[in-house]
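Notes for the structure review
Letter by letter, the chains look like this.
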Amino acid sequence: MIDMQRARPIEILLVEDDPGDTLITREALEHSKVANELHCVVNGEDALLFLRRQQGFADAPRPDLILLDLNPPPRRARGAAGDQGRPRPAAHPGGGADHLAGRGGRAALL
């Protein structure tokens, strides 16, 4: 059995714009049996900066799990050229880590 006192906590990135939902998530994770470090950002643009370790996120850890807001605010308008080359989250029910590993990723997008 794994000793929870010595196990490395999982790194969780929460992308959530509603402070109430962030609080509920934080409290639920604090009471969970899984050791974790929760990192919160309020939008997808900040999430990409976190994942790329840019701007204020230079020392950000690689998340083991990414929790995405299912009802995000509208994204600022950009031309089609502005979105080219950017990572796009993909919903893949049941694909799990094996699917993402084939793409070089470790984190699952929920």
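Everything numeric in this text was worked out from a predicted model, so none of it was measured.

Here we look at the nonpolar core
Leu 13, Val 15, Val 41, Ala 47, Phe 50, Ala 60 and Ile 66 together form the largest nonpolar core, which totals seven residues. Sorting the residues of this core by element identifies strand 1 (10–15) and helix 2 (44–52) as the ones contributing at least two each. Beyond its immediate chain neighbours, meaning those up to four positions away, Leu 13 contacts His 39, Val 41, Ala 47, Phe 50, Leu 51, Pro 63, Leu 65, Ile 66 and Leu 67.

Focus: helix 1 (residues 19–30)
When the terminal C-alpha atoms of helix 1 are compared, their 16 Å separation across 12 residues agrees well with the 16 Å that a helix rising 1.5 Å per residue should span. Where helix 1 begins, the side chain of Asp 18 points an oxygen toward the backbone nitrogen of Gly 20, at a separation of 2.7 Å.

Let's talk about the pattern of salt bridges
Per the counting criterion, the structure on display carries one salt bridge. For Arg 8, the salt bridge identified is with Asp 64, shortest N-O distance 3.2 Å. Here Asp 64 lies in the loop between helix 2 and strand 3 (65–68) and Arg 8 lies in the segment before strand 1, a separation of 56 residues in the sequence.

Some words on the confidence of the model for the protein chain
Here the protein chain averages 76 in pLDDT, while 62% of its residues score no lower than 70. Predicted confidence for residues 78–87 stays below pLDDT 50, and this span has 10 contacts to residues more than four positions away or in other chains. Contacts of residues 90–110 to residues separated by more than four positions or lying in other chains number 25 contacts, the stretch itself having pLDDT below 50.

Here we look at the environment of Leu 51
The residue Leu 51 is located in helix 2 in this model. Relative accessible area serves as the criterion here: at 28%, Leu 51 is assigned to the partly exposed category. Sequence separation of Leu 51 and Leu 13 is 38 residues, and the distance between their C-alpha atoms is 9.2 Å.

Re the pairing of strand 1
Burial runs high along strand 1: five of the six residues are buried. Pairing geometry for strand 1 and strand 2 (residues 36–41), over six bridges, is parallel. Looking at the pairing, Val 15 lines up with Val 41 of strand 2. For the crossover from strand 1 across helix 1 to strand 2, the handedness is right-handed.

The rules behind each value
Residues numbered from 1 in each chain as written. Predicted model: local features only at pLDDT ≥ 70, side-chain atom pairs only at ≥ 80, totals over all residues. Heavy atoms only, no water. Core = buried A, V, L, I, M, F, W, Y, C linked by side-chain atoms within 4.5 Å. Buried < 20%, exposed > 50% of the residue type's maximum accessible area, 1.4 Å probe, protein only. Helix = DSSP H or I, 4+ residues; strand = E, 2+ residues; numbered from the N terminus. Contact = heavy atoms within 4.5 Å. Expected span 1.5 Å × (residues − 1). Polar contact = N/O pair within 3.5 Å; in protein donor to acceptor, adjacent residues only side chain to side chain. Salt bridge = Lys/Arg side-chain N within 4 Å of Asp/Glu carboxyl O. pLDDT = per-residue confidence, 0-100. Pairing = 2+ DSSP bridges. Right-handed = clockwise from strand over helix to strand, strands pointing away.

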